[in-house]
Amino acid sequence: MDKNKRKFNWKLFCVIIASILIVYLIIAVLPRPKSVENNPFVIDKESRPLLIAHGGGNREFPDNTLEACYNAYSVDENVMLEMDVSITKDGVVIMSHDTTLDRRTNAEGEIAEWNYTDLLAQRVDFGYYNTKVDGVYTEKTPYKDYKDCEVRPTDVPGYPDGLPNRAPNVFLVTRLIDVLEAFPNNTVNVEIKQSGETGLKALAAVIKIIEDKNAFDKVVLASFHKEIYNELLRIHKEDHPELLFSPQDSGVAALLITGALGLDVFFNQPVAVLQIPMSQKVKGINVHLDKKWFVKRAHKHNIAVHYWTIDDVDDMKYLIEIGADGIMTNLPHTLLEVYNEVFSK
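Small disclaimer: the values here were computed from a predicted structure and weren't measured.

Reading guide: rules and limits
- Residues numbered from 1 in each chain as written.
- Predicted model: local features only at pLDDT ≥ 70, side-chain atom pairs only at ≥ 80, totals over all residues.
- Heavy atoms only, no water.
- Core = buried A, V, L, I, M, F, W, Y, C linked by side-chain atoms within 4.5 Å.
- Buried < 20%, exposed > 50% of the residue type's maximum accessible area, 1.4 Å probe, protein only.
- Helix = DSSP H or I, 4+ residues; strand = E, 2+ residues; numbered from the N terminus.
- Contact = heavy atoms within 4.5 Å.
- Axes fitted to C-alpha atoms, helices over the stretch in contact; angles between N-to-C directions.
- Left-handed = near helix turned anticlockwise from the far one by under 90°.
- Nonpolar A, V, L, I, M, F, W, Y, C, P; charged D, E, K, R; others polar.

With respect to the nonpolar core
Here comes step 1: M83, L221, L274 and Y307 are the most contacted members of the largest nonpolar core, which totals 82 residues.
Here comes step 2: Among the elements that make up this core, the one with the highest residue count is helix 6 (residues 196-213) (seven residues).
Here comes step 3: For M83, the residues in contact, after removing those within four places along its chain, are N64, M95, L176, V179, V188, N189, V190 and E191.
Here comes step 4: Counting residues in hydrophobic clusters, the runner-up holds 10 residues, among them V36, M80, L244 and V273.

Topic: the environment of K237
Here comes step 1: Inspection of the secondary structure puts K237 in helix 7 (residues 226-238).
Here comes step 2: Accessibility expressed as a relative area gives 72% for K237, which makes it exposed.
Here comes step 3: Distance from K237 to P270, taken between C-alpha atoms, is 9.3 Å for residues 33 residues apart in sequence.

Quick word on the environment of T198
Here comes step 1: For T198, the position within the fold is in helix 6.
Here comes step 2: Through-space distance from the C-alpha of T198 to that of P332 is 32 Å; in sequence the pair is 134 residues apart.
Here comes step 3: The contact partners of T198, leaving out residues within four places of it in the chain, are I87 and A112.

Considerations on the packing of helix 6 against helix 7
Here comes step 1: Interhelical geometry of helix 6 versus helix 7 gives an angle of 35° and a closest axis separation of 9 Å. Regarding helix 6 and helix 7, the two cross each other, and that crossing is right-handed. Contacts between helix 6 and helix 7 pair G196, G199, L200, L203 and I207 from the former with E227, I228, E231, L232 and I235 from the latter.
Here comes step 2: Looking at the contact of helix 6 with helix 7 residue by residue, the classes come out as six nonpolar, two polar and two charged.

Side note on the side chain of H306
Here comes step 1: Here H306 shows up in strand 12 (residues 304-307).
Here comes step 2: You can call H306 buried: its relative accessible area is 1%.
Here comes step 3: Setting aside chain neighbours within four positions, we find H306 in contact with F41, L50, I52, M80, V273, L274, Q275, I276, D325 and G326.

Following this line, the structure appears as structure tokens:
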């Protein structure tokens, strides 16, 4: 065998490596495509992050109730109201973290099997936080706030003038449209909780409400269910390019990985907001998402970054430092105190 053929071609190797580096450098400096052209959720540098009330601020008032939203609004008139929704048997979109009534009310059963009219007529109380006994929510426990105090609707600042059609002793069911009408100038984050055909029906009803209220610039949609997210992509592409929504975990991972490699020029998901925890366990590995470089990378795509669910003061201050666009909390008053402290300096 010819000895020359066995020699490693260093010149060719160097040319290939140099070519790869040149292409990589070109990709690194290329402008990143904007996922959303006009994004109201990306804040100015060093501005105060959006105060986002998780479930309306569910350690101060019962989760996903209109009263919780009013309480959060009393803290910050620009508050973003985060909520979870499901659709009832008679086609009404209501607020509820769970798809059943068992854990958060004094009633039981799948929301999809209840009529909204019956929830009202029977005065089902959403002011509960029940505990399981032998795997069943048998103990009905009235809600208590983070100070271990029971609260009633009349404890909401501004009651009763600010709460029309509500009851003084019962946290009545709240519809999505109730929130949009009560707070027409506030942004709203809506997560579709149901899955499958029921979840798709819920999404269609939510889209109809947004259309009727012309609220595409105020509402961000989210879901952990693949079929719901795929339908969001279809609606955005075919019906409403102005639709604002957040990605699933795979979308976050795609930006994280391509961003770390400097290859996010290829990231092309049309999402408006990353709604993420500070860290996430993936196959036993703790992946930290609370990094300044990751926030900056998202901003290059005109994507806002909202962190959930943050109740610790030190975590709040850290997220302000790295440039988060929004902080989602169960404790709106606590987050406001942190904002007042940090931004008064």
